[in-house]
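# Structural overview for review
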Amino acid sequence: MDKIEHSDESRTTLPLAAGEHEIADYLDGVIAALLADKVREREVAEAAADDRPKTGPRGPKTCIEQQGVGNVAVAAPASDSGDSCGEQPDTASRPCGPGRASMREELLALFASPGRLAAPPSITPVFGVDFEPNGPGLSADGVRAFEQRFMPTVEEQISPVSLGLGPVDAYLGGGFGPGLHLVAGRKGAGKTAFLDTIAWEAVSSERPVLYYTLKEGTTAARSRMMGTLAAIMGFSFANLNTLPDQDPITKDLGRLRSVERTLQSTVLTRVSLIDHIPAYPDMFEAFSEDLRLRSREAQREHGELPVVLIDDSAHLMHLTQSRPLTNLLSRLNETLTEAGTTAIIGVLTPERPAQGIEGLPVQTTLTVTPTPGSSHDTIECVDLRILTNKYGGRTGTIPLLLDRRAGMLALRD
């Protein structure tokens, strides 16, 4: 049996348990065999370099070498044959002293045993069912019990963004999930009204909104929101955009102040209007960082991730200096998905029907198209087409009404 010596001067050893003695002896034997192999390889190499026989001038080698491994000295005994550094037995199958072979077998048997994967009694109640070590694992009821207990926490953190229109939300599987979603249409079709409808639904649900008004700026967006709020409150103005520049009568001025107070106290506390971002060498990274910081702040203040609205893809491309559109959408969709954030972006399409828009790298693709011959002074019929939908899975056309006075979409009977 290999001789193992421990130096008490270099370390203090703690008493070992009965089973640990066998493990330690087994490991020491493996180390001794490995070191003996290294000694043999080194001497063979030296003999070849000196062009001399392996036995050397000393006659038959005893191959007694002392190698220090930390504070362990290992002595490799010589073989009875003339070439003591010749063939070595297989260390994996060689018994390494009393009890070592049996210890190795016990360890292998332990690792191969399926019983070691059994859940302890303290864990079993978590799954709601008894866990059988040698059985197939959790039953279907156990998996459902586990999901019901732990999965709602994740769903609450990433709740879908609703449009507030039942049939549309049903098509989308409850609403827009994390990632980038696209609403396309020609000029004046109702893309901005679509985004505004999402914003107002979020406000009514007390969910924060980051509204990047890159096309028209925050002043115009704020004035448009005042017009929508005035319609919701039942007020009527001849032209809200020019009213502050006119000489309004006292009644209109009082209504205007009421709308302004309501906008400040109930809407803009949750809706952040943004029309610029800090300048970085990489403007896409600047936009992404601005979005991350604002999202984190909104979540900290309101306890929920915001919905992000971007009014125009062409202005975002210009701002971030990203070309082509597919590259911008792909990078933005990846950033949003990793952060668990939902964003909807408007895309202007030509006067002709959109071609190839279904292949853009987004989660959902929708188009807003006016219904021919349905225009009115304030009300217009439009069709919302869901072209691609990775969440709800369903596609189709949903008839809607566009209220241009309020700037909102509503269901059409």
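Residues numbered from 1 in each chain as written. Predicted model: local features only at pLDDT ≥ 70, side-chain atom pairs only at ≥ 80, totals over all residues. Heavy atoms only, no water.

This part takes up the overall build of the protein. Of the regular secondary structure elements, the protein holds 11 helices and 12 strands. Expressed as a percentage of the 413 residues in the protein, the buried residues total 37%. Considering only residue pairs separated by 6 or more positions, the protein has 65% of its internal contacts joining residues 24 or more positions apart. Working note: accessible area of the protein is about 23300 Å², and carbon and sulfur atoms make up 53% of it. (Helix = DSSP H or I, 4+ residues; strand = E, 2+ residues; numbered from the N terminus. Buried < 20%, exposed > 50% of the residue type's maximum accessible area, 1.4 Å probe, protein only. Contact = heavy atoms within 4.5 Å. Areas by Shrake-Rupley, 256 points an atom, 1.4 Å probe, with all protein chains shown as cover.)

Here the focus is the packing of aromatic side chains. A complete count under the given rule lists two aromatic pairs for this structure. Ring centres 6.3 Å apart and planes at 80° place the aromatic pair Phe 176 and Phe 194 in the edge-to-face group. Taken together, the positions of Phe 176 in the loop between helix 5 (166–171) and strand 4 (179–185) and Phe 194 in helix 6 (residues 191–204) put the pair 18 residues apart, joining distant regions of the chain. Residue classification places Phe 194 among the buried residues on the basis of a relative accessible area of 0%. The residue whose ring lies beneath Arg 394 is Tyr 171, and the NZ or CZ to ring-centre distance is 3.9 Å. (Phe/Tyr/Trp six-rings, centres within 6.5 Å; stacked < 30°, edge-to-face > 60°. Lys NZ or Arg CZ within 6 Å of the ring centre and 35° of its normal.)

Most of strand 9 (residues 364–370) sits inside the fold, with six of its seven residues counted as buried. As judged from the four bridges shared by strand 4 and strand 9, these two strands associate in the parallel manner. Its bridge partner lying in strand 9, Val 183 is registered against Leu 366. With seven bridges connecting them, strand 9 and strand 10 (residues 379–389) associate as antiparallel partners. By the bridge assignment, Thr 365 is partnered in strand 10 with Thr 388. (Pairing = 2+ DSSP bridges.)

A few words on the nonpolar core. Phe 176, Phe 194, Ile 198, Val 307, Leu 309, Ile 344 and Leu 409 are the most contacted members of the largest nonpolar core, which totals 43 residues. Counting residues per element, this core draws most heavily on helix 6, which supplies eight residues. Not counting residues within four places of it along the chain, the set of residues in contact with Leu 309 comprises Leu 195, Ile 198, Ala 199, Val 209, Leu 210, Tyr 211, Tyr 212 and Ile 344. (Core = buried A, V, L, I, M, F, W, Y, C linked by side-chain atoms within 4.5 Å.)

Once that is clear, we can look at the sheet that holds strand 5 (residues 209–212). Two strands in a sheet stick together by hydrogen bonds in their backbones, pointing the same way (parallel) or opposite ways (antiparallel). An order of 6-5-7-8-4-9-10-11-12 is seen for the nine strands of this open sheet, with the pairing classed as mixed. At either margin of the open sheet sits one strand with a lone partner, and together these are strand 6 (271–274) and strand 12 (408–411). The sheet shows a mean angle of 25° between the axes of neighbouring strands, taken without regard to direction. Bridge count for strand 11 (residues 396–403) against strand 12 is four bridges, and the pairing is antiparallel. Note that in strand 12 the partner of Leu 401 across the bridge is Ala 410. Lying over the sheet, helix 7 (residues 217–233) contacts strand 5, strand 6 and strand 12, oriented at roughly 145° with respect to strand 6. Sheet strands touched by helix 11 (residues 325–339): strand 4, strand 7 (307–310) and strand 8 (342–348). Its angle to strand 4, the strand with the most contacts, is close to 140°. (Axes fitted to C-alpha atoms, helices over the stretch in contact; angles between N-to-C directions.)

In this section: the environment of Ile 198. Mapped onto the fold, Ile 198 is located in helix 6. Exposure remark for Ile 198: the relative accessible area of 0% places this residue in the buried category. Each C-alpha atom, one on Ile 198 and one on Ile 344, is 9.1 Å from the other, the two residues being 146 residues apart in sequence. The contacts of Ile 198, once residues within four sequence positions are left out, are Val 161, Ser 162, Leu 163, Phe 176, Val 307, Leu 309 and Ile 344.

Turning to helix 6, a few remarks are in order. Spanning 14 residues, helix 6 covers 20 Å between terminal C-alpha atoms, matching the ideal 20 Å at 1.5 Å per step. Restricting attention to buried positions, one finds in helix 6 the residues Lys 191, Ala 193, Phe 194, Leu 195, Asp 196, Thr 197, Ile 198, Ala 199, Trp 200, Ala 202 and Val 203. Positive backbone phi, approximately 60°, marks Glu 206, located one or two places after helix 6. (Expected span 1.5 Å × (residues − 1).)

Arg 323 connects to Pro 324 through a cis peptide bond whose omega is -10°. With respect to the element layout, Pro 324 can be found in the loop between helix 10 (313–320) and helix 11. Positive phi, close to 55°, is recorded for Gln 321, a residue that is not glycine.

On to helix 9 (residues 283–302). The end-to-end C-alpha distance of helix 9, which contains 20 residues, comes to 28 Å, matching closely the 28 Å that a straight helix rising 1.5 Å per residue would cover. Along helix 9, the positions that sit buried rather than exposed are Met 283, Phe 284, Ala 286, Phe 287, Ser 288, Asp 290, Leu 291, Ser 295 and Ala 298. Lining the buried residues of helix 9 we find strand 5, strand 6, strand 7, helix 10 and helix 11. The N-terminus of helix 9 is capped by Asp 282, whose side-chain oxygen sits 3.1 Å from the backbone nitrogen of Phe 284. Residue Gly 303 follows helix 9 closely and has a positive phi angle near 75°. (Polar contact = N/O pair within 3.5 Å; in protein donor to acceptor, adjacent residues only side chain to side chain.)

A few words on the pattern of salt bridges. This model, assessed by the stated rule, comprises nine salt bridges. Two residues, Glu 304 and Arg 207, come together in a salt bridge whose shortest N-O distance is 3.8 Å. Of the two residues, Glu 304 is situated in the loop between helix 9 and strand 7 and Arg 207 in the loop between helix 6 and strand 5; the sequence distance between them amounts to 97 residues. Using a relative accessible area of 9% as the deciding quantity, one classes Arg 207 as buried. (Salt bridge = Lys/Arg side-chain N within 4 Å of Asp/Glu carboxyl O.)

Model confidence for the protein is summarised by a mean pLDDT of 74, while 62% of its residues fall at 70 or above. Low pLDDT, under 50, characterises residues 53–101; the stretch is placed with 78 contacts to residues that sit more than four places away or in other chains. Low pLDDT, under 50, characterises residues 115–138; the stretch is placed with 26 contacts to residues that sit more than four places away or in other chains. (pLDDT = per-residue confidence, 0-100.)

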